[in-house]
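Structural features, examined
These are the residues of each chain, in order.
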Amino acid sequence: MSSFPVPPPCSGCIDGSCASSYYNSGMCMMMYPVYYDFPQDMTFFPAGPPTDHFAYYGYGGPDGAHPLVPQPVLVPQLQGCYQQPHPHQGQWKNNHRGKRGSWRNRNNEAITSHHPEVTVTPELRSAIKCVKEDSQATLFSIDGLIAQALIVDEDASRFVQRRIRIGSEEEQCLALQAALASFGLLWKDFRGNFMIRALLTSGTLNMKKACVEAILKEAPVNLSMHKHGCRVIQTAIKTVDDEDLTKLVAMFEGHVLSLIHDPNGNHVIQRIIESTSDHVKSAEARGDLSSASKLIAQLQFIIDDVVEHVKSLSVHCYGCRVVQRAMESCEKDQKNDVLKAVIECEDELIRDQYGNYVLQQAVALGGEEIKGVIVDSVLRSGPEALLQLSKNKHSSNLIERLLQFGCAMQRELMIKEFLKVSSLGVFLSSPDDEKGQCIAVHMAKDDIANYVIKTALACAREDQKKQILNVLSSNFIELSKYRQASYIFTNESPSVVSS
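Residues numbered from 1 in each chain as written. Predicted model: local features only at pLDDT ≥ 70, side-chain atom pairs only at ≥ 80, totals over all residues. Heavy atoms only, no water.

**Observations concerning helix α13 (residues 265-285)**
Taking 1.5 Å per residue, 21 residues should reach 30 Å; α13 reaches 30 Å between its end C-alpha atoms and fits that length. Counting buried residues in α13 gives 15 out of 21 residues, a clear majority hidden from the surface. Two residues or fewer after α13 comes G287, characterised by a positive phi angle close to 85 degrees. (Helix = DSSP H or I, 4+ residues; strand = E, 2+ residues; numbered from the N terminus. Expected span 1.5 Å × (residues − 1). Buried < 20%, exposed > 50% of the residue type's maximum accessible area, 1.4 Å probe, protein only.)

Structure (structure tokens):
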């Protein structure tokens, strides 16, 4: 029998909840393994086996068909992607990220270690067997082998995490001792990091402080750039108190830009901004204004770097996330500093694949002054320039956001531009277009700009909506040739279609 690899979850988010498209499709929670009596075959069916025949499905789709086989053994799926083997089959298991999945007999003879510093000894085999078979086992049952067991075996890793959550304080202390003794080994391991995160989440205040001290000794910047270490840092930042948060944040001064440009480190900077904001709000709620001001000042070095390099960060695939988090979560003065810096370079961001998201966030979170500056910039070059922005894949998003979040006066100015006539052939949608048509007509014909028209119709007042529909209906015969425009008539104005 053979095992199939499982697509890995996202390495960036703190708890692994951001999964690949395979998981998002819901297939992994619907699949049932079907074991057949003939060897070298274990097949999966999304909704159970079909009634008429049994086909073989791998990742690539149907690879052929087997003859009818009576009474297949159907085993319902358990938690996640972990499969419980049939009692008469070998013990099959999908390890985390599809690594080192192996057939194992009941004596665990095939247990292997993926880590060069961990050797599978008879004592370790016995400890793992105890975890699997003894329902009354605790961490005291595998004392001295806790770290090694969870690194080697998936079930042992889940067992340790569960005991940390529900066990006694003495059991948690035993786990803490094991974690601190092997901290350098655990934080970079794809199973071991979960033990440290469990202690940070479920441990006492003193346990969290001990974990923070261990993190500080290991250099938080190095952890932040590691795909597993960054999750440990994020959990620590999210769960510790004000004092320990200040210690952790201070270690990143001078490394902000390198972390922002790192695929793992950028998540840590985002978590710092969000968690510091939460701590500030908590301090203000309990009346501790001194602690709130200290936390705000502690975050200032990150805001200074973001403001200074806002243009380059806004057009970066990771940097744009940090700029958006700063606008969302920071204190009012810091937020305004970032918004002003973004507006100063909005001409370079509006058509950028990442920068347009930063401007959209500025429109959603900024005041009327910020929105007014962006609207004036968009309308400055006339209706033809607005048409080109609406036809662009990235800048059209910003035009829609302005229609949704702008004030009534700003929305009216934009709709007036839509109703103006284009006199330059270069701005027309196709060679068949005639000069002198309304901008809204050209937009309705375009694959992208027609979404802007739909948003305008959804946000406009009734009189403005009638003006747009009257212009479109006067060109109904021509627009009916375009699939995009026909959707506008069908969805927005059945009466116009009938007329």
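Further notes follow.
**Some remarks on the nonpolar core**
Membership of the largest hydrophobic core comes to 123 residues, with the highest contact counts inside it found for M195, V342 and L472. Setting aside residues no more than four positions away along its own chain, M195 makes contact with I146, L150, V160, I164, A175, A178, A179 and L186. (Core = buried A, V, L, I, M, F, W, Y, C linked by side-chain atoms within 4.5 Å. Contact = heavy atoms within 4.5 Å.)

**Considerations on helix α24 (residues 408-418)**
Every α-helical turn comprises 3.6 residues, leaving residues that sit three or four positions apart pointing alike. Looking at α24, one finds that the buried residues are Q410, R411, M414, I415, E417 and F418. Taken around the axis of α24, the buried residues stretch over an arc of 155 degrees, which confines them to a single face. Those residues of α24 that are buried are in contact with α21 (368-379), α22 (383-391), α23 (395-405), α25 (439-445), α26 (449-459) and α27 (462-473). (Arc of directions from axis to C-beta.)

**So, the packing of helix α18 (residues 332-344) against helix α20 (residues 355-365)**
Axis separation between α18 and α20 bottoms out at 11 Å; the angle between their running directions is 130 degrees. Accordingly, the angle class assigned to the pair α18 and α20 is oblique. Considering the relative orientation of α18 and α20, their crossing is left-handed. Between α18 and α20, the contacting residues are K335, L339 and V342 on the first element and V358, L359, A362 and L365 on the second. For the contact of α18 with α20, the class distribution of residues is six nonpolar, no polar and one charged. (Axes fitted to C-alpha atoms, helices over the stretch in contact; angles between N-to-C directions. Parallel < 35°, antiparallel > 145°, perpendicular 65-115°, else oblique. Left-handed = near helix turned anticlockwise from the far one by under 90°. Nonpolar A, V, L, I, M, F, W, Y, C, P; charged D, E, K, R; others polar.)

**Some details on a negative patch on the surface**
Where like charges cluster on the molecular surface, the negative patch consists of D304, E308, D333 and D337. Of all the secondary-structure elements, those providing two or more residues to the negative patch are α15 (300-308) and α18. Turning to its location among the elements, E308 is positioned in helix α15. (Patch = residues over 30% accessible without salt bridge, like charges linked within 9 Å, V, L, I, M, F, W, Y side chains within 5 Å. Areas by Shrake-Rupley, 256 points an atom, 1.4 Å probe, with all protein chains shown as cover. Salt bridge = Lys/Arg side-chain N within 4 Å of Asp/Glu carboxyl O. Lys, Arg positive; Asp, Glu negative; His and termini not counted. Charge placed at Lys NZ, Arg CZ, Asp CG, Glu CD.)

**Comments concerning the packing of aromatic side chains**
Here the structure, examined in full by the defined rule, presents zero aromatic pairs. Over the aromatic face of Y451 sits the side chain of K454, whose NZ or CZ is 4.9 Å from the ring centroid. (Phe/Tyr/Trp six-rings, centres within 6.5 Å; stacked < 30°, edge-to-face > 60°. Lys NZ or Arg CZ within 6 Å of the ring centre and 35° of its normal.)

**Section: the packing of helix α11 (residues 242-250) against α13**
The geometry of α11 relative to α13 is characterised by a closest axis approach of 11 Å and an angle of 150 degrees between their N-to-C directions. In terms of orientation, α11 lies roughly antiparallel with respect to α13. Between α11 and α13 lies a crossing whose hand is left-handed. Residues D242, L245 and V249 of α11 pack against I272, S275, T276 and H279 of α13. Considered class by class, the residues forming the contact of α11 with α13 number three nonpolar, three polar and one charged.

**Quick word on the side chain of K208**
In this structure, K208 sits in helix α8 (residues 205-217). Within the buried core, K208 has no salt-bridge partner, and the shortest N-O distance to an opposite charge, that of D241, equals 8.8 Å. Beyond its immediate sequence surroundings of up to four residues, K208 is in contact with L199, L200, T201, G203 and T239.

**What about the pattern of salt bridges?**
Counted under the stated rule, the structure contains 18 salt bridges. Between E213 and K247 there is a salt bridge, and its shortest N-O distance comes to 3.6 Å. Of the two residues, E213 sits in helix α8 while K247 sits in helix α11, which places them 34 residues apart along the sequence. The class for K247 is partly exposed, based on a relative accessible area of 33%. One connected set of salt bridges, linked through shared partners, spans K209, E213, D241, E243, D244 and K247.

These results come straight from atomic positions and should not be treated as a statement about function.
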